[in-house]
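What follows is each chain in one-letter form.
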Amino acid sequence: MKKVITYGTYDLLHQGHINLLRRAKELGDYLIVGVTNDSFDRDRGKLNVRNNVLERVEAVKATGLADKIVIEDYVGQKIDDIQKYDVDIFAIGSDWDGKFDYLNEFCEVIYLPRTEGISSTMLRAENQDE
Ligand code: C2G
């Protein structure tokens, strides 16, 4: 069984996230999705995330594309997860091109095309007053 893992915040879950999850799922038989913890995002400078981690996990669950969801709590967890779950492929959007090449030591790394024209940042701007 080929296992794929991908990570993200998935704030205000949108079609770009869904396309990414679908493409990642198509790379193998079993998809693990890592959803960032709120403090992990704050620490990496994402200060305006609207949905809390439980809401974001529920949104990913509702897509029906994840076979397993894990919470990403700390820097360095990707390596631990890849080893723990015996992952074959790490997949992530092309906006991260090259950034995760260091994981090649542990599994195959694939950058998937990003969906143009939609982002959480755009949706947050549209809903500024809510
Ligand atoms: N994505 C996409 N198209 C968009 C927006 C996002 O394909 N229009 C992809 C991103 O490339 C990423 C995933 O959706 O693979 C989740 O995106 P974010 O929620 O923005 O999370 P991100 O900050 O990319 O988390 O450990 C966390 C990860 O390293 C990356």
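Rules and cut-offs
- Throughout this description, residue numbers start from 1 for each chain and increase along the sequence as written.
- Local features in this predicted model are restricted to residues whose pLDDT is 70 or higher, and side-chain atom pairs enter the listing and the counts only when it is 80 or higher, whereas totals over whole chains, interfaces and linings include all residues.
- Water and hydrogen atoms were dropped before computing side-chain values, which therefore reflect all heavy atoms in the structure.
- When DSSP finds at least two bridges between two strands, those strands are taken to pair.
- Strands here mean DSSP runs of E at least two residues long; helices mean DSSP runs of H or I at least four residues long; both are numbered from the N terminus.
- Axes, fitted as lines to C-alpha atoms, cover a helix only where it is in contact. Angles between the N-to-C directions of the axes lie from 0 to 180 degrees.
- In what follows, a contact means two residues having at least one pair of non-hydrogen atoms within 4.5 Å.
- Only one rule defines a salt bridge in this text: a Lys or Arg side-chain nitrogen within 4 Å of an Asp or Glu carboxyl oxygen.
- For the exposure calls, accessible area comes from a 1.4 Å probe over protein chains only, and a residue counts as buried if that area is under 20% of its type's maximum, exposed if over 50%, partly exposed in between.
- The criterion for a residue being near a molecule or strand is simple. One of its heavy atoms has to lie within 4 Å of it.
- Each polar contact in these results corresponds to two N or O atoms within 3.5 Å; when the atoms are within protein, one needs to be able to donate a hydrogen and the other to accept it, and residues that are neighboring in sequence are counted only if both atoms are side-chain atoms.
- Surface exposure here means Shrake-Rupley accessible area, sampled with a 1.4 Å probe, where a residue is shielded only by the protein chains that are shown.
- Think of a 1 Å grid over just the protein atoms. A cavity is a set of points where a 1.4 Å probe fits yet cannot get out, a pocket is an open set with protein on both sides within 12 Å along at least five of seven lines, and lining residues have an atom within 4 Å of a point.
- Think of it this way: a molecule belongs to a cavity or pocket when more than half its atoms come within 2 Å of the grid points there.
- Charged residues are taken to be Asp, Glu, Lys and Arg, nonpolar residues to be Ala, Val, Leu, Ile, Met, Phe, Trp, Tyr, Cys and Pro, and polar residues to be all remaining types, Gly included.

Chemist: So what's going on with the sheet that holds strand S5 (residues 108–112)? Residues and values would help.
Modeler: In space, the five strands of this open sheet follow the order S3-S2-S1-S4-S5, with parallel pairing throughout. Only two strands of the sheet have a single neighbouring strand rather than two, namely strand S3 (68–72) and S5. The mean angle between the axes of side-by-side strands here comes to 25°, regardless of whether they run parallel or antiparallel. Where strand S2 (residues 30–36) meets S3, five bridges bridge the pair, whose relative direction is parallel. Residue pairing across strands places Val 35 opposite Ile 71, the latter belonging to S3. With respect to the sheet, helix H1 (residues 15–26) is in contact with strand S1 (3–8), S2, strand S4 (89–93) and S5, its orientation differing from that of S2 by roughly 145°. The sheet contacts of helix H4 (residues 77–84) involve S1, S3 and S4, and relative to S1 the element is tilted by about 160°.

Chemist: Describe the pattern of salt bridges, naming the residues involved and giving the relevant values.
Modeler: In the structure shown here, the tally under the stated rule is seven salt bridges. For Arg 124, the salt bridge goes to Asp 11, with nearest N and O atoms at 2.6 Å. Highlighted residues: Arg 124 in helix H5 (residues 120–126) and Asp 11 in the loop between S1 and H1, separated in sequence by 113 residues. An identical accessibility class is assigned to Arg 124 and Asp 11; each is buried.

Chemist: Please provide a residue-by-residue account of the site of the ligand, values included.
Modeler: Close to the ligand lie 22 residues; Glu 72, Lys 78, Asp 95, Thr 115 and Ile 118 are nearest. Between Trp 96 and the ligand, the recorded distance is 2.8 Å, taken from a side-chain N or O atom to an oxygen atom. Ile 118 places a main-chain nitrogen or oxygen 2.6 Å from a nitrogen atom of the ligand. When the ligand is considered free in solution it has 630 Å² of accessible area, and contact with the protein chains removes 95% of it. Among the cavities detected, the one that contains the ligand is the largest pocket. By residue number, the principal contributor to the shell around the ligand is H1, which donates three residues. Looking at side-chain class alone, the shell around the ligand contains eight nonpolar, eight polar and six charged residues.

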